[in-house]
Amino acid sequence: MNQRSLPFNSASRNTEEPDGFIDLDRLYSAVVRRARMIGLFVALFVGLGIAYLLFATPLYTSMTQILLDENLSKFAEEQTPPQNAQLLDTQIASAVEILKSGELALRVVDKMNLADNDTVLNPPRSPVDIVKDGLKSVAGLVSNEPEVSEDMARNGRRQKAAALLQQQLAVERVTRSSVVSLAYRSSDPQLAAGIVRTYAEAYLNDQLNANFEATERASVWLQERLADLRQRAQAASLEVEKFRSENGLTLARGELMSEQQLADLNSQLIIAQADSASASARYKQFQAIIDQGPEEAVKNATISAKEGDNSVIRDLRTRYLAVSKREQEVSQSFGADHPQAVSLRKEKTDIGRQIFQELQQLTASYRNEYEVARSREASLRENIEGTTGRNSDANVSLVHLRELEQKAAALKTLYETYLNRYEQASQQRSFPIAKARVISAAGVPASPSSPKKTLVLALSTVLGLMAGGAFAAFQEFRERTFRLESDVRAILGHRSFGYVPLLGTAPTSAADLVRAKLMKGKASPGPEQGTPSFERLSRMVLDAPRSSFAETFRNAKLACDRMLGGNGSRVIGIASAVPDEGKSIVAANFAALLAASGKKTLLIDADIRKPGLSKMINPPPKAGLVEVLTGEASWPAGIKIDQQTKLAILPVGGEVATRSDPHDSHELLASPAMAELIDNARRSFDYVVVDLAALAPVVDAKAFSPLADGFLFVAEWGRTPSRLVRDLLGAEPQIDGKILGVILNKTDMSELAKYSDFDGAEHYRHRFEKYYLENTGTRRKSEAA
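Residues numbered from 1 in each chain as written. Predicted model: local features only at pLDDT ≥ 70, side-chain atom pairs only at ≥ 80, totals over all residues. Heavy atoms only, no water.

### Observations concerning the overall build of the protein chain
Put simply, the rule reads: Comment: elements are numbered from the N terminus, with helices defined as DSSP H or I runs of at least four residues and strands as E runs of at least two. Relative accessibility under 20% of the residue-type maximum defines a buried residue, over 50% an exposed one, and the middle range a partly exposed one, all with a 1.4 Å probe and only protein chains included. Only heavy atoms matter for contacts: two residues are in contact if any of them lie within 4.5 Å across the pair. Residue burial considers only the protein chains on display, and all accessible areas are found by Shrake-Rupley using a 1.4 Å probe.
Counting its secondary structure elements, the protein chain contains 29 helices and 14 strands. Here the protein chain holds 785 residues, and 40% of them are scored as buried. Pairs at least 24 apart in sequence give 82% of the contacts found in the protein chain among residues at least 6 apart. Roughly 44600 Å² of accessible area belongs to the protein chain as shown, and the carbon and sulfur atoms make up 53% of that amount.

### Some details on the packing of aromatic side chains
Applicable threshold: Any Phe, Tyr or Trp ring, taking Trp's six-membered ring, that has another such ring centre within 6.5 Å forms a pair; planes under 30 degrees apart are called stacked, those over 60 apart edge-to-face, and the others tilted. The rule is short: NZ of Lys or CZ of Arg within 6 Å of the ring centre and within 35 degrees of the ring normal puts a charge over the ring.
Per the stated rule, a full pass over the model turns up 4 aromatic pairs. Judged by centre distance (5.2 Å) and plane angle (50 degrees), the ring pair of phenylalanine 549 and phenylalanine 553 falls under tilted. Of this pair, phenylalanine 549 and phenylalanine 553 both sit in helix H18 (residues 548-563), 4 residues apart, roughly one helical turn. Connected via pairs of aromatic rings, a cluster forms that spans Phe41, Phe471 and Phe474. One Lys or Arg, arginine 483, reaches over the ring of tryptophan 717 and ends 4.5 Å from the middle of that ring.

### Brief notes about a nonpolar patch on the surface
Where we set the bar: Residues form patches when they are more than 30% accessible in relative terms and have no salt bridge. Like charges link within 9 Å. Nonpolar side chains (Val, Leu, Ile, Met, Phe, Trp, Tyr) link within 5 Å. A side-chain nitrogen of Lys or Arg and a carboxyl oxygen of Asp or Glu constitute a salt bridge if their distance falls within 4 Å.
Together, Ile50, Leu54, Phe55 and Leu457 give the surface a local cluster of nonpolar side chains, amounting to about 450 Å² of exposed area. Broken down by element, the nonpolar patch gets its largest block of residues, 3 residues, from helix H2 (residues 35-55). Along the polypeptide, isoleucine 50 turns up in helix H2. Using a relative accessible area of 41% as the deciding quantity, one classes isoleucine 50 as partly exposed.

### Side note on the sheet that holds strand E2 (residues 169-173)
Heads up, the rule is: Two strands qualify as a pair provided DSSP detects at least 2 bridges between them. Axis angles are defined between N-to-C directions and span 0 to 180 degrees, where every axis is a line fitted to C-alpha atoms and, for a helix, only to the segment in contact.
Read from one edge to the other, the open sheet built from 4 strands follows the order E2-E3-E1-E6, with strand pairing classed as antiparallel. Two strands close off the open sheet at either side, each with one partner strand: E2 and strand E6 (436-440). Going from strand to strand, the sheet's axes swing by 25 degrees on average, the running direction of each strand aside. Here strand E1 (residues 60-68) runs beside strand E3 (residues 179-186); their pairing, made up of 8 bridges, is antiparallel. Bridge pairing links threonine 61 to arginine 185 in E3. In this fold helix H3 (residues 85-100) packs onto E1, E2 and E3, with an angle of close to 175 degrees to the strand it touches most, E2. Against the sheet, helix H7 (residues 150-168) makes contact with E2 and E3, and its axis sits at roughly 45 degrees relative to E2, the strand it touches most.

### A few points about the pairing of strand E7 (residues 496-501)
With respect to burial, E7 is a largely interior element, 6 of its 6 residues being buried. In this structure, E7 lies alongside strand E14 (residues 739-747), joined through 4 bridges in parallel fashion. In the strand pairing of E14, proline 501 is matched with threonine 747.

### Examining unusual backbone geometry
With glycine set apart, most residues show a phi of negative sign, and most peptide bonds adopt trans. Backbone torsion omega between serine 450 and proline 451 reads 0 degrees, so that peptide bond is classified as cis. Although it is not a glycine, asparagine 113 adopts a positive phi angle of roughly 55 degrees. Within the secondary structure, asparagine 113 is located in the loop between helix H4 (102-112) and helix H5 (118-121). We classify asparagine 113 as partly exposed; its relative accessible area is 40%. Although it is not a glycine, lysine 746 adopts a positive phi angle of roughly 55 degrees. Mapping lysine 746 onto the fold places it in strand E14.

### Brief notes about the side chain of aspartate 605
Going by this rule: The charge count includes Lys and Arg as positive and Asp and Glu as negative, but it does not include His or the ends of the chains. Here a polar contact means two N or O atoms within 3.5 Å. Within protein one must be a hydrogen donor candidate and the other an acceptor candidate, and residues neighboring in sequence count only if both atoms are side-chain atoms.
Position of aspartate 605 among the secondary structure elements: in strand E9 (residues 601-605). Lysine 583 provides the closest opposite charge to the buried, salt-bridge-free aspartate 605, at an N-O distance of 6.5 Å. One polar contact links the side chain of aspartate 605 to the main-chain amide nitrogen of aspartate 607, over a distance of 3.4 Å. Among residues more than four places away in sequence, those in contact with aspartate 605 are Pro611, Gly612, Leu613, Ser614, Leu625, Leu650, Pro651, Val652 and Asp691.

### A short note on the sheet that holds strand E13 (residues 710-716)
The strand order across the open sheet formed by 8 strands is E7-E14-E13-E8-E12-E9-E11-E10, and the pairing between neighbours is mixed. With partners counted over all chains shown, the strands left at the sheet margins are E7 and strand E10 (640-641), one partner each. Bridge count between E9 and strand E12 (residues 687-691): 5 bridges; the pairing is parallel. Bridge pairing links leucine 603 to valine 689 in E12. In this fold H18 packs onto E7, strand E8 (570-576), E12, E13 and E14, with an angle of close to 155 degrees to the strand it touches most, E7.

### Digging into helix H23 (residues 672-684)
The line we're drawing: By this rule, a helix spans an expected 1.5 Å times one less than how many residues it contains.
Given a rise of 1.5 Å per residue, 13 residues ought to cover 18 Å, and the 19 Å separating the end C-alpha atoms of H23 matches this to within 8%. Within H23, burial applies to Met674, Leu677, Ile678, Asn680, Ala681 and Arg682.

### Re the pattern of salt bridges
If the charged atoms of two oppositely charged side chains come close together, the side chains can form a pair. Following the criterion strictly, the structure yields 23 salt bridges and no others. For lysine 610, the salt bridge identified is with aspartate 580, shortest N-O distance 3.2 Å. Of this pair, lysine 610 sits in the loop between E9 and helix H20 (625-630) while aspartate 580 sits in the loop between E8 and helix H19 (583-596), placing them 30 residues apart in sequence. Since its relative accessible area comes to 46%, lysine 610 is described here as partly exposed. Linked through salt bridges whose partners overlap, the residues forming this network are Asp89, Arg173 and Arg176.

### Let's talk about the packing of H18 against H19
Short version of the rule: Small angles under 35 degrees read as roughly parallel and large ones over 145 as roughly antiparallel, with 65 to 115 read as roughly perpendicular and the rest as oblique. For a crossing to be left-handed, the near helix must be turned anticlockwise from the far one by less than a right angle; the clockwise case is right-handed.
Running from N to C, H18 and H19 cross one another at 70 degrees; their axes reach a closest spacing of 10 Å. Taken together, H18 and H19 sit at an angle that is classed as roughly perpendicular. Considering the relative orientation of H18 and H19, their crossing is right-handed. Between H18 and H19, the residues in contact are Phe549, Phe553, Arg554, Ala556, Lys557 and Cys560 and Val586, Asn589, Phe590, Leu593 and Leu594, respectively.

This is the structure we're talking about:
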């Protein structure tokens, strides 16, 4: 038995790890192949947007801007310190909430009489609102509600109008400024402008009224407090004067007499102490000079200009110094015994005696001044002690007096403060100034603000792109089928023989037209070419020998010849994962190609449960594979020969096959009779092509696998799940090891390039058509040659 353990040129089953970056080529390819579906979504959403624009009620928006300016009242109020950013934000937020409040909305409703305005009370409603109102109406019919009076009904309409105003009103701060934007939407542009203007006026009036009412309440309260403080301040002042008179606390220049006398005595004592210290210092200085003796007193006495103000002493001292100098000069020149020197010494001695006498007199005078200063100091001390004793009793009373004075002063200050605030409040009440002003008046809108056509269409387009892209991405993520030959190599690890084009649809390209000519021999496609019969599909490789369809089978034949080259006769099974993948068509065309090449070929329809090749036999056979395996007929008796290609076909069988139990098919294929049949076929044929049942539903292919030399695996392009095929082959290593290659059947060649990268072979298949197909004239010339 000729078998093969590994596939030729097999690749690793491990898929390539995706790149860490986004593959732009694959992303673009995905967008291109899903472009039609994305376009449908965009068209759908744009259509919805247009329908919305046609049926939506146009709304007009009128807007005004209000500036919150504290400087407007700077001439009527005291200068306040600059506000910080947080306080300013709080004030603006409060203004926004006031504009949104229900009280202000009710004022606008009353001023414009909107409780009876049908445009306000019955605005355009959405479908959801209509459903809600219908449910409420039904509930109202079921429940028994009490009758409503006219006043209650009007008040209800008034509250409803205010609530609807609040819903359509938009109030917001303009960036980080002190400006508040006020906008209102309505189907009536005149009504929208009127409501916005009325809102602005109501807000300004509310500010004025709030200031006036607050000032009035403050004035009334201040007036009551002033009357009470006036009485208390007067009573405190009277109590101070009464206590002062009872305790003899007489004041002079704001102080007690005893305190002033004590302060004067202390000042005099300080001066007397200073004079006594100065006199003592002068006396001691001159006394020290006298104590040195006449001669030393004259030589060592140092008398300052202030203390020695006696002109006699200065003159005598000047004469003394001059005589001393003259005496020294004479003694040095003529000797100490010179009469003039002796005379000068006597004169110097006489002058020194006079100086000493003057110093004695001056010292006596300073002693007298010192004694007088001491006496005055002692007298002042006695007076201070006496005054301090008399003032001790007054100090005790003075403490209580100061307490009473402080109380009276505090009440007086508080009274003056309240009086000042009362005067300010009275003045402010007369200034009708609000801290806000309108800087942009509300005008009548000329064009509707909603719906915005450009925005709606742009948003519809974007939503369509998003929805289409999301659905396309969902389909791409669900893509788990075989699209390219590289998918076969990456997922299964087997080589791919190529693509078999999708047949059975009306030709749309030049290649399809040529194929139709080859099939029918007509110049234009007929009505039945859209759905060719099974017999015609099974002979496509013969009718279009130069098409890409036939080229794929030639590639498969070449690979089989190379991979099974050492075998005398080759048994090749045609298998697939699931039914209806075109496996029988592939088997018939592959066998027809082998037979047309001059090889003896036997085609066996071994799909006992769901025979397909047996449809080619006309008239229906009376004996076939089942009869041969059960021994009811010999194997040559069931073979049918195609006269054109000399292809031998062994169908499933006749009536016996239809009566046989389908659950016995795997036993028939694994029976010794089947092995004997294959041995006989090997001796008589070069190729034995066996069309087997699908792998997933039944085990017939597994039962036949020991008898096959190799398998051609058929996978439907874009439909066969790749994971299913991988798991099936992984679970059947005996089949997987004999797979020669994979054929992607029913390939939509017009869509194939969309799944390929820009550098992939599938992207350039449109350039290969001239190698695959010939027109009729060229074919006839070649035949004539």
